[in-house]
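# Topology and contacts: notes
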2 protein chains.
Amino acid sequence: MKRKPVINIRMFNTIVSVAALLALGAGSTTAQAARDPLPSWNDGPAKHAIVDFVRATTDKGSPKFVPAAERIATFDNDGTLWCEQPMYSQFLFALDRVKALAPQHPEWKDKEPFASLLKGDLKEALAGGDRAMLEIVMATHAGMTTEEFEQIVKNWVATARHPKLKRPYTECVYQPMLEVLAYLRANGFKTFIVSGGGIEFMRPWTEKVYGIPPEQVVGSSMKTQYEMRDGKPVLLRLPEVDFIDDKASKPVGINEHIGRRPVAAFGNSDGDQQMLEYAQGGAGARLMMLVHHDDALREFAYGAESKIGTFSDALMAEANKSGWTVISMKSDWKHIFPSRE
Amino acid sequence: MKRKPVINIRMFNTIVSVAALLALGAGSTTAQAARDPLPSWNDGPAKHAIVDFVRATTDKGSPKFVPAAERIATFDNDGTLWCEQPMYSQFLFALDRVKALAPQHPEWKDKEPFASLLKGDLKEALAGGDRAMLEIVMATHAGMTTEEFEQIVKNWVATARHPKLKRPYTECVYQPMLEVLAYLRANGFKTFIVSGGGIEFMRPWTEKVYGIPPEQVVGSSMKTQYEMRDGKPVLLRLPEVDFIDDKASKPVGINEHIGRRPVAAFGNSDGDQQMLEYAQGGAGARLMMLVHHDDALREFAYGAESKIGTFSDALMAEANKSGWTVISMKSDWKHIFPSRE
């Protein structure tokens, strides 16, 4: 025996809310039209490129439709999702760690690059070039378990402030890019970080800040070793580089971690060129974008001459030739950083 | 002006279906009680361990509740999710590739281990030990692009048959474990493969067979190199081992790819011991299980004496000491393989 359907107004309201949620989840045209998914972007070619790409790849009737499982988008971190000037935050982290560890290392007083660092002479400390840099990294990033390092990073991120912007690093992220991440995910894309930065330096905060979980972070890494410590199984961080996730190694890292060619890739420097090439090399719809730091007033302006996040003239020529979209921070972004209210 | 709600019977039916789907998606107690999530499991300690673990970790009121983001479950592949006897399928793949490639390698007629392999003398071919094995792997797994290799694996998987079971390898998977994978995912767990097998040998079919996408597969790997080939960006597979994902390296691979300690881990051999230890080493609810192949009639029976998937007496002692659950294929599983209807 079937019961007659009885619907009261309360049930109806619930049903309508549920339907609205479903519509949002499915990214229906009605729901999308209702509000701008990219409110911090000025109307222009960059915003159009993103919206057109998402529409074309998610509309089942479109010749450029991409099945949900293949909707992989990769993002560089430094200079693409957050501020990288005047210095990589991870380098500032290393300097702070040298200071914190100095009492346990009396020998550093007479040993470069530490002696100069502790005197505050960064230029002299880095006179040793790559070797000096490597010594600083090894002294500050190895010799502890992965879980101890995670806690050290969490503590640092919670207290450190950007030297110029005077706010936590996790608030030096680009609001327009947070919107792109959320917009892509709302349309079934899986978002990954693919950065030259340390994978374990990013994982402790990427989920909270970007909505990107640790398993979707690709980066440079140290070798680790499994061992029992006081009867507890841990991974020890060894003073040995495992992988540098930059330039031609970015596609290698993408393949190792993701196993699919991205359909969208975002970067901001010469280190991202191969990632964008690799994304473009697949069949079907593709979106390649480069953030150009041309806004000295609201952030920083730098390009071919920069030591960090170099955007060379050759990269600009490549972008023009290959049809990659260059995002002008100055003209494409209404706001740079999230509102602090 | 508000419009009056009008609901006809067709709309109501749609709404009810949607509500039912939502309830299923959320894994509501009502929906779960309605049907057994593990129908191929006999009632016993192994089935209870799984169900109790899932209930305790997903019930918000439970002291063992685990937030959705931390619900990471890792599975060995050979012998845990699919059949590994009488030989690893990847080794049979390599043998088939040697035969297929022989016409392009006339020099193999006089070169071991290929000469013996081509004569069908497996024992003589493998007399060279690890070195012979490595030569076979390099000759069959390197020298092509990642996308070419993916296609080679897809073709092989589509046509090869298990020598004893006479069915495709992708149908030599364990039905009870397919149910565990689906049950965990329905309860918000993210399922990963962590196997000594080749990462690129598994990825082409794990999504279809297990519902595990490429980015959630961890395995052994070859080094790759980014390059332009006929103007197209590709990754070339080099004849050089990058990572062997076995024993103490499984926690290393888990950390590198996932960046979290699993709360549940499933294996079947000595190669999985460290993965289970590592999972158990975290705080809160944990589930560690080992498949024991004790069913000569329906599959294979092997243990301490085996060369493949060794389940040593030491491992059994460790399981007993540490409270890991040993799954008896013979008594815990109603069915071994998926029905072929």
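Please read all numbers here as calculations on a predicted model, not as lab measurements.

Our next topic: the pattern of salt bridges. Applying the stated criterion across every chain yields a total of 31 salt bridges over all chains. In this structure, the salt-bridge partner of A:Glu215 is B:Arg260, at a minimum N-O distance of 3.3 Å. One end of the pair, A:Glu215, is in the loop between helix H10 (199-210) and strand E3 (217-229); the other, B:Arg260, is in the loop between helix H11 (249-257) and strand E5 (264-267), on a second chain. Using a relative accessible area of 8% as the deciding quantity, one classes A:Glu215 as buried. For B:Arg260, a relative accessible area of 13% puts it in the buried group. We note a salt bridge from B:Lys250 to B:Asp272, for which the minimum N-O separation is 2.7 Å. With B:Lys250 in helix H11 and B:Asp272 in the loop between E5 and helix H12 (273-280), this residue pair connects regions lying 22 residues apart in the sequence. Residue B:Lys250 shares its accessibility class with B:Asp272, and that shared class is buried. One connected set of salt bridges, linked through shared partners, spans A:Lys190, A:Arg260, B:Glu207 and B:Glu215.

Looking now at the packing of H11(B) against H12(B). How two helices pack is summed up by the angle between their axes together with the distance between the axes. Residues and elements named next belong to chain B. Close contact between H11 and H12 brings their axes to 7 Å; oriented N to C, the two are set at 55°. Comparing their axes, H12 and H11 come out oblique. Residues Lys 250, Pro 251, Ile 254 and Asn 255 of H11 form the contact with H12, whose participating residues are Gln 274, Met 275 and Tyr 278. Across the contact of H11 with H12, the residue classes break down as 4 nonpolar, 2 polar and 1 charged.

Let us now look at the packing of helix H4 (residues 89-101) of chain A against helix H8 (residues 146-159) of chain A. Residues and elements named next belong to chain A. At a closest axis distance of 11 Å, the pairing of H4 and H8 adopts a crossing angle of 100°. The orientation of H4 relative to H8 falls into the category roughly perpendicular. For the pair H4 and H8, the contacting residues are Ser 89, Leu 92, Phe 93, Asp 96 and Arg 97 in the first and Phe 149, Ile 152, Val 153 and Trp 156 in the second. Split into classes, the residues belonging to the contact of H4 with H8 amount to 6 nonpolar, 1 polar and 2 charged.

Now for the sheet that holds strand E1 (residues 72-75) of chain A. Residue and element names in this part refer to chain A. Strand order in this open sheet of 7 strands is E4-E3-E2-E1-E5-E6-E7, and the pairing throughout is mixed. Strands with a single pairing partner mark the edges of an open sheet, and in this sheet they are strand E4 (232-243) and strand E7 (325-328). Averaged over all pairs of adjacent strands, the angle between strand axes in this sheet comes to 35°, irrespective of strand direction. Sheet topology places strand E5 (residues 264-267) next to strand E6 (residues 287-292); 4 bridges connect them, and they run parallel. Each residue of the ladder has a partner; that of Ala 264, found in E6, is Leu 287. Against the sheet, helix H7 (residues 129-141) contacts E3 and E4, and its axis sits at roughly 175° relative to E4.

Attention now moves to the sheet that holds strand E7 (residues 325-328) of chain B. Residue and element names in this part refer to chain B. Read across the open sheet, the 7 strands follow the order E4-E3-E2-E1-E5-E6-E7; overall the sheet is mixed. In this open sheet, the two strands that pair with only one neighbour each are strand E4 (232-243) and E7. Shown here is a sheet whose adjacent strand axes are inclined to one another by a mean of 35°, direction ignored. Contacts between helix H9 (residues 175-186) and the sheet are confined to strand E1 (72-75), strand E2 (190-198), E5 and strand E6 (287-292), with E1 contributing the most and set at about 165° to the helix. Helix-sheet contacts for H12 involve E1, E2, E5 and E6, and the interaxial angle to E5 is about 165°.

This next bit is on the interface of chain A and chain B. Across the contact, 44 residues belong to chain A and 44 residues belong to chain B. For chain A, the biggest contributors to the area lost against chain B are A:Glu215, A:Tyr226 and A:Glu256; these three give 18% of the whole. The interface formed by chain A and chain B includes 8 salt bridges. Counting every contact that joins chain A to chain B gives 27 residue pairs in polar contact (both at pLDDT 80 or more). Contributing elements (two or more residues each) for the side of chain A that touches chain B: helix H1 (9-25), H8, strand E2 (190-198), H10, E3, E4, helix H11 (249-257) and helix H12 (273-280) of chain A. Looking at the side of chain A that touches chain B residue by residue, the classes come out as 23 nonpolar, 9 polar and 12 charged.

Turning to the packing of aromatic side chains, a few remarks are in order. The geometry of an aromatic ring pair is captured by two quantities: the separation of the ring centres and the angle between the planes. What the rule picks out here adds up to 30 aromatic pairs over all chains. Relative to B:Trp333, the ring of B:Trp41 has its centre 5.8 Å away and its plane inclined at 75°; by these criteria the two rings are edge-to-face. Taken together, the residues B:Trp41 in the loop between helix H2 (29-34) and helix H3 (45-58) and B:Trp333 in the segment after helix H14 (329-332) connect sequence positions 292 residues apart. Residue B:Trp333 is classed as buried on the basis of its relative accessible area, which comes to 1%. Grouped by ring-pair contacts, the aromatic residues A:Trp82, A:Phe93, A:Phe149, A:Trp156, A:Tyr169, A:Phe201, A:Trp205 and A:Tyr210 constitute a single cluster. Taking NZ or CZ as reference, A:Arg237 lies 3.9 Å from the ring centre of A:Phe149, over its face.

Our focus in this paragraph is the pairing of E7(A). All names here are of chain A. Relative to E7, E6 runs parallel, the two sharing 4 bridges. When the sheet's bridge partners are listed, Val 291 is paired in E7 with Ile 327. Between the parallel pair E6 and E7, the chain is carried across by helix H13 (residues 313-322), and the sense of this crossover is right-handed.

Turning our attention to helix H9 (residues 175-186) of chain A. All names here are of chain A. Over its 12 residues, H9 runs 16 Å from end to end, which matches the ideal 16 Å to within 8%, given 1.5 Å per residue. Buried residues of H9: Pro 176, Met 177, Glu 179, Val 180, Leu 181, Tyr 183 and Leu 184, and no others. Among the structural elements, helix H3 (45-58), E1, E2, H10, E5 and E6 are those in contact with the buried residues of H9. Two residues or fewer past H9, Gly 188 is found with a positive phi of approximately 85°.

A few words now on H7(A). All names here are of chain A. Taking 1.5 Å per residue as the helical rise, H7 with its 13 residues ought to reach 18 Å, and the 18 Å between its terminal C-alpha atoms agrees with that figure. Listed as buried for H7 are Ala 132, Ile 136, Met 138, Thr 140 and His 141. Packing partners of the buried residues in H7 comprise H4, helix H5 (114-118), helix H6 (122-125), H8, E3 and E4.

Another point: the relation of the copies chain A and chain B. Between chain A and chain B, the superposition needs a rotation of 180° and an axial shift of 0.0 Å, giving an RMSD of 0.0 Å. Viewed as a symmetry operation, the transformation between the two copies matches a two-fold axis. A symmetric contact is evident, with 100% of the interface residues of chain A recurring at the interface of chain B.

Right, let's talk about the state of the cysteines for a bit. Residues and elements named next belong to chain A. Scanning the entire structure with this criterion turns up 0 disulfides over all chains. You can see Cys 83 has no disulfide; the closest cysteine sulfur is in Cys 172, sitting 5.7 Å from it. For Cys 83, a relative accessible area of 2% translates into the label buried.

Of note, the bond from A:Glu112 into A:Pro113 is cis; its omega dihedral lies within 30 degrees of zero at 5°. As for its placement among the helices and strands, A:Pro113 is situated in the loop between H4 and H5. The residue after B:Gln85, namely B:Pro86, is reached through a cis peptide bond having omega 0°. Phi is positive for A:Lys247, close to 50°, though the residue is something other than glycine. Along the chain, A:Lys247 turns up in the loop between E4 and H11.

Calculation rules
Throughout, residues of each chain are indexed from 1 in the direction in which the sequence is written. Chain letters start at A and ligand numbers start at 1, both assigned in the order the entries are written. The predicted nature of this model means local features are confined to residues of pLDDT at least 70 and side-chain atom pairs, given and counted, to a pLDDT of 80 or more, with totals for whole chains, interfaces and linings taken over all residues. The basis for every side-chain value is the complete set of non-hydrogen atoms in the structure, without hydrogens or water. Each salt bridge in this description consists of a side-chain nitrogen of Lys or Arg and a carboxyl oxygen of Asp or Glu lying within 4 Å of one another. What counts as a helix is a DSSP run of H or I of at least four residues, what counts as a strand is a run of E of at least two, and both are numbered from the N terminus. Throughout this description, buried means an accessible area under 20% of the type-specific maximum (1.4 Å probe, protein chains only), exposed means over 50%, and partly exposed covers the range between. Lines fitted to the C-alpha atoms define the axes, with helices restricted to the stretch that makes contact. Angles between their N-to-C directions range from 0 to 180 degrees. Note on angle classes: values under 35 degrees are labelled roughly parallel, values over 145 roughly antiparallel, values of 65 to 115 roughly perpendicular, and the remainder oblique. In what follows, a contact means two residues having at least one pair of non-hydrogen atoms within 4.5 Å. Under the grouping applied here, Gly and all other residues not named as nonpolar or charged are polar, the nonpolar ones being Ala, Val, Leu, Ile, Met, Phe, Trp, Tyr, Cys and Pro and the charged ones Asp, Glu, Lys and Arg. Strands are treated as partners if at least two bridges between them are detected by DSSP. Summed over both partners, the accessible surface that disappears when two parts come together, traced with a 1.4 Å probe, is what is meant by buried area. Throughout this description, a polar contact denotes any pair of N or O atoms lying within 3.5 Å of each other; where both atoms belong to protein, one of them has to be capable of donating a hydrogen while the other can accept it, and for residues adjacent in sequence the pair is counted only when both atoms sit in side chains. In this analysis, rings of Phe, Tyr and Trp, with Trp reduced to its six-membered ring, are considered paired at centre separations within 6.5 Å, and the interplanar angle assigns stacked below 30 degrees, edge-to-face beyond 60, and tilted for intermediate values. Should the NZ of a Lys or the CZ of an Arg lie within 6 Å of a ring centre and within 35 degrees of the ring normal, that charge is described as sitting over the ring. Note on handedness: a crossover is taken as right-handed if, strands pointing away from the viewer, the path from the first strand over the helix to the second is clockwise. One fewer than the residue count of a helix, multiplied by 1.5 Å, yields its expected span. Alignment of copies: least-squares fit on C-alpha atoms of residues with pLDDT of at least 70 in both copies. For this text, the term disulfide refers to a pair of cysteine sulfurs within 2.5 Å.

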